[in-house]
Amino acid sequence: MKLNQQKKFDKAQFKNNVKRHLTSTYVQTVEKASPRAWYLAMARALSELTAFDLLETENDIRIKNSKSVNYLSLEFLVGRLTGNNLISMGIYTQISEAMEELGHSLSDLLEQERDPSLGNGGLGRLAACFMDSCAAQEYPTVGYGLHYEYGLFKQSFIDGQQQESPDAWQGVEGYPWEIARPQLAQQIGFYGQVDIYQDQGRERRRWVPGMFVKAMPWDLPIVGYQSETVYPLRLWECQAIAPFSLESFNNGDYFDAQKSLIDAGNITKVLYPNDNHEKGKTLRLMQQYFHSAASIADMLRRYEAAGHPLRLLPDYETIQLNDTHPAIAIPELMRVLVDERDLSWDEAWSICAKTFAYTNHTLLPEALETWSESLIQRLLPRHMEIIYRINYQFLSEVRQKWPGDVGKQQKLSIIEEGVHRMVRMANLCVVGSYAVNGVAALHTALVKKDLFPEFDALYPERIRNVTNGVTPRRWLKFCNPGLSALISDKIGDEWTGELEQISQLAVYADDPAFQQSYLAIKRGNKQRLADWVMAHLGIEISTDAIFDVQIKRLHEYKRQHLNLLHILSLYHRLLHDPEFDMVPRVFFFAAKAAPGYYLAKEIIYAINKIAQTINNDERVNQQLKVIFIPDYRVSMAEIIIPAADVSEQISTAGKEASGTGNMKMALNGALTVGTMDGANVEIREEVGDENIYIFGLDVAGVTALKAQGYNPFDYYYADPLLKSSMELLMGETFTPGQPDKLRVVYDSLLDGGDPYLCLADFSSYVKAHEAIDAQYRDQQGWARKTILNTASVGKFTSDRSIRDYVENIWHLKAVHR
Ligand code: 26W
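Going by an unreviewed UniProt entry, the protein carries the name Alpha-1,4 glucan phosphorylase and comes from Vibrio quintilis. What UniProt states about the protein under its Sequence similarities (unreviewed entry) heading is, verbatim, "Belongs to the glycogen phosphorylase family." As stated in UniProt under Cofactor (unreviewed entry), the record for the protein gives "pyridoxal 5'-phosphate".

Following this line, the structure appears as structure tokens:
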């Protein structure tokens, strides 16, 4: 670890800089400036400090001669940068003092920052944790993403129904952390045709696009924890180039040309809000190509400036594809190498095939991207030719391996045959990458066994595992200062850079004084959340209750409705079973549903309606409350996670690739109730079976049940508690005067066939919760378990994930500044 900002920080100068920005950048007087202006001025002043290190890192000759990773992702869910960067820079206390002297509380100012919500969920948040861990460990990295004008929609509720509104995350003043890099702008083409021409007796091809747009890069500084290393998260914004449409301009159609100018801004206008569901929209493919082409061009610009020959590209640059979303980068690099740099096809392919690596994040068939051949043909005609040729050469490998097996060729082909031929982006990625990884041990095993068994046979070493992780800086040190201080008090503070050290806490698991402090901190965090709920939702909750938390995108496979069935069962028992006794519980939900996902929205509606009734039902509301926190986002997660007692990780086995919320909550001392799915499997391995509540069918059980023919009615009629709980969804218990408003959810579980097996897992889920209830009554035993969770999850630091990538896939060396 090298010098950091702490050592060179000059408080007086910093205060002057803040005041300068206040007056000259934001045009407000020191006397009258709003808290928002103070926040903006402070962040601008901080951003200046990092801009210097960003350039220094970029100009570092050792980086140019070292291998770098280019992390290509359509999403980076970074969350607020200010607090986190302050921690990394090591000047949190100094800035807090400086701002105090200027008359402002730092924590209040930090609340002024809007979340940059440039991602949907797990995949985008993972990319952000990875950037943090690359910078912390000084592995040369450039993150490439998109500068959406609007991030993930904001969520509110009207009568319990989700409403979406645009998220103008930059505010009118612009986002203070970003730095425009106009000298690094690129031109990106679309449409047009492929010209065939003669060059010294050789036939060559070149793409003549029909339109161009400009890719303007904005850098967000990713500050290495306690180091002077700052890597760029480079976000491309689409801008129009005038004259935008050569054709209409030349035809003298002035108005149309201007109209197209307006349209060009649309490419990065808004983040697609679908999570795990592919829609095949033209604009989305335009976003993908725009992102890939700009990123590849920028990478080559850096590479060629360093003076290395193209054939050595794989020794200096590796490109990680975050899911298939940037898959079009593969034919794009081929196009640039063959058409623009004049390499032979074979030379180019041997470079490409050693440069790309691909991470798969989902097995859900509806999330696997395919693009219609005719769309690609129209938008990117040269890329379509290149894809055909890649496929042609790949299929000849398939024929060699399985001579005469047409079925294999059809199954593996990058092109899916049919009336409308489709390009399978996952197949393109596997063929074009030297490494393919899943995101948890179980997930990778299923990728090999179910998704790509033939690819695994054809390329035996290619598919490997890298288990996900989360950054301990944001997800413990920053969001849970109380617990962080307690931990550092016992074991020193090296855990922030080396989370594995946290295992030293285990010896205190039975120490009564430590247990008391630990539980007191949890209670404080619960109070902070309770205060938030009171202030924003007007609902009173007690910290004596178990805080039971399910926070993630709303999706049937994640089974928020199974959680809901359990809540209904508690309600039923409280009302009808005089013997029934439970520890008070507050169930927290936070989840956005894709705007077009009908059933997900109905589930949100059902949760809200049930919450309203239960929270106002005097007969039960001392024991049971349900809180739906609107507009789930990173800054909200930072408040909820430290307050969680129970972490709900209840997906149907085999469906959740990894999960990362599960890691964050276990780290903050929540006990997991979960299925044998995703990273839960590895969390159980680490914390031990006695410190986690595993329930339900495992993958083998799910497969067997489906094979035998699953009938939800069998469970419905066999389990009176299940039946009574579900019947509450009928009628008007929760929707007075409007019978059957929640029937859609009920129907999806019976007539709809319950595709995610909620009913099959219900009774085992209820039992797991009974065990949790019993355990909570023994606070010492509970404290032991929760301390052991914190102490046992060191494996799930994203620093370790990144080291796994570095050692097994990227083969980089750290460059210390
Ligand atoms: C094309 C539509 C679309 C959009 C997003 C398809 C797929 C996605 C993502 C892959 C969804 C996603 O975020 N997947 C999550 O990735 C996390 C990080 O690896 C995992 O922890 C989650 O289990 C997985 O659902």
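That was the structure; now back to the text.
Caption draft 1: Geometry of the overall build of the protein. For the protein, the count of helices and strands is 35 helices and 23 strands. Its C-alpha atoms give the protein a radius of gyration of 27 Å, within 12% of the compact-globule value 28 Å for 817 residues. Its C-alpha atoms give the protein principal-axis dimensions of roughly 90 × 75 × 55 Å. For the protein, the proportion of its 817 residues judged to be buried stands at 62%. Once local pairs closer than 6 in sequence are excluded, the contacts in the protein between residues at least 24 apart make up 76%. When the accessible area of the protein is evaluated, it comes to approximately 30100 Å², of which 50% is carbon and sulfur surface.

Caption draft 2: How the structure looks around the site of the ligand. In the vicinity of the ligand, 19 residues are found, and the nearest of them are Leu 123, His 361, Asn 468, Glu 656 and Gly 659. A distance of 2.6 Å is found between an oxygen atom of the ligand and a side-chain nitrogen or oxygen belonging to His 361. One nitrogen or oxygen atom from the side chain of Asn 468 is found 2.9 Å from an oxygen atom belonging to the ligand. Isolated, the ligand exposes 570 Å² of accessible area, and the fraction of that covered by the protein chains is 96%.

Caption draft 3: Spotlight on the packing of helix α11 (residues 282-305) against helix α13 (residues 329-340). Put simply, α11 and α13 touch, their axes get as near as 9 Å, and they point 45° apart. Here α11 lies oblique to α13, going by the angle between them. The way α11 lies across α13 gives a crossing that is right-handed. Residues Tyr 289, Ser 292, Ala 293, Ile 296 and Leu 300 of α11 form the contact with α13, whose participating residues are Ala 329, Glu 332, Leu 333, Arg 335 and Val 336. Split into classes, the residues belonging to the contact of α11 with α13 amount to seven nonpolar, one polar and two charged.

Caption draft 4: Expanded view of the sheet that holds strand β15 (residues 422-424). Judged by pairing direction, the sheet is antiparallel, and its three strands sit side by side in the order β13-β15-β14 without closing on themselves. One side of each edge strand has no neighbouring strand; the edge strands of this open sheet are β13 (370-372) and β14 (415-416).

Caption draft 5: Structural view of the pattern of salt bridges. With the rule as written, the count across this model stands at 63 salt bridges. A salt bridge links Arg 202 to Asp 199; the nearest nitrogen and oxygen atoms lie 3.7 Å apart. In this structure, the salt-bridge partner of Glu 638 is Arg 474, at a minimum N-O distance of 2.7 Å. Highlighted residues: Glu 638 in helix α26 (residues 634-640) and Arg 474 in helix α21 (residues 472-478), separated in sequence by 164 residues. Just as Glu 638 is buried, Arg 474 falls in that class too. Connected through shared salt-bridge partners, Glu 58, Arg 181, Asp 219, Arg 234, Asp 298 and Arg 301 make up one network.

Caption draft 6: View of the packing of aromatic side chains. For the structure shown, the criterion picks out 25 aromatic pairs. With centroids separated by 5.5 Å and ring planes inclined at 70°, the aromatic side chains of Phe 130 and Tyr 805 adopt a geometry described as edge-to-face. Separated by 675 residues along the polypeptide, Phe 130 in helix α8 (residues 122-137) and Tyr 805 in helix α35 (residues 798-810) bring together distant segments of the chain. The class for Phe 130 is buried, based on a relative accessible area of 1%. Of the aromatic side chains, those joined through ring pairs into one cluster are Tyr 71, Phe 76, Phe 130, Tyr 805 and Trp 810. Sitting over the face of the ring of Tyr 197, Arg 206 holds its NZ or CZ atom 3.9 Å from the ring centroid. It is Arg 462 that lies over the ring of Tyr 459; its NZ or CZ is 3.6 Å from the centre.

Caption draft 7: Structural context of the sheet that holds strand β18 (residues 546-551). On the basis of which strands lie adjacent, the open sheet formed by six strands has the order β20-β19-β18-β21-β22-β23 and parallel pairing. Unpaired on one side and paired on the other, β20 (624-628) and β23 (693-694) mark the two borders of the sheet. Across five bridges, the pairing between strand β19 (residues 585-590) and β20 is parallel. Within β20, the residue paired with Arg 585 across the bridge is Leu 624. Each of β18, β19 and β20 is contacted by helix α23 (residues 512-537), which is oriented at about 70° to β20, the strand it contacts most. Its contacts with the sheet put helix α24 (residues 560-576) on β18, β19, β20 and β21 (646-649), and the angle it makes with β19 is roughly 155°.

Caption draft 8: Region of the structure containing the UniProt feature "modified residue: N6-(pyridoxal phosphate)lysine" (unreviewed entry) in the protein. The UniProt feature table records "modified residue: N6-(pyridoxal phosphate)lysine" (unreviewed entry) at Lys 664. Tracing the sequence through the fold places Lys 664 in helix α27 (residues 661-667). Setting aside residues no more than four positions away along its own chain, Lys 664 makes contact with Arg 125, Val 470, Trp 475 and Ile 641.

Caption draft 9: Quick peek at the side chain of Thr 229. Structurally, Thr 229 is set in the loop between β9 (211-223) and β10 (230-240). A residue is classified by how much of its surface remains accessible, and Thr 229, at 0% relative accessible area, is buried. A polar atom in the side chain of Thr 229 sits 2.7 Å from the side chain of Glu 138. Setting aside its immediate chain neighbours within four residues, Thr 229 contacts Thr 57, Ala 135, Glu 138, Ile 222, Val 223, Gly 224, Val 815 and Arg 817.

Caption draft 10: Examining helix α25 (residues 598-615) more closely. For α25, spanning 18 residues, the distance from its first C-alpha to its last is 26 Å, which sits close to the expected 26 Å at 1.5 Å a residue. Burial within α25 is extensive, with 15 of its 18 residues counted as buried.

Caption draft 11: Highlighting unusual backbone geometry. The backbone of Tyr 191 sits at a positive phi, close to 60°, despite the residue not being glycine. Positionally, Tyr 191 belongs in the loop between β6 (186-190) and β7 (193-199). The backbone of Gln 226 shows a phi angle near 50°, a positive value even though the residue is not glycine. Positionally, Gln 226 belongs in the loop between β9 and β10. You can call Gln 226 partly exposed: its relative accessible area is 29%.

About the cut-offs
Residues numbered from 1 in each chain as written. Predicted model: local features only at pLDDT ≥ 70, side-chain atom pairs only at ≥ 80, totals over all residues. Heavy atoms only, no water. UniProt positions renumbered as here; feature names shortened; annotations may be inferred. Helix = DSSP H or I, 4+ residues; strand = E, 2+ residues; numbered from the N terminus. Rg over C-alpha atoms; globule rule 2.2 N^0.38 Å. Buried < 20%, exposed > 50% of the residue type's maximum accessible area, 1.4 Å probe, protein only. Contact = heavy atoms within 4.5 Å. Areas by Shrake-Rupley, 256 points an atom, 1.4 Å probe, with all protein chains shown as cover. Near = heavy atom within 4 Å. Polar contact = N/O pair within 3.5 Å; in protein donor to acceptor, adjacent residues only side chain to side chain. Axes fitted to C-alpha atoms, helices over the stretch in contact; angles between N-to-C directions. Parallel < 35°, antiparallel > 145°, perpendicular 65-115°, else oblique. Left-handed = near helix turned anticlockwise from the far one by under 90°. Nonpolar A, V, L, I, M, F, W, Y, C, P; charged D, E, K, R; others polar. Pairing = 2+ DSSP bridges. Salt bridge = Lys/Arg side-chain N within 4 Å of Asp/Glu carboxyl O. Phe/Tyr/Trp six-rings, centres within 6.5 Å; stacked < 30°, edge-to-face > 60°. Lys NZ or Arg CZ within 6 Å of the ring centre and 35° of its normal. Expected span 1.5 Å × (residues − 1).

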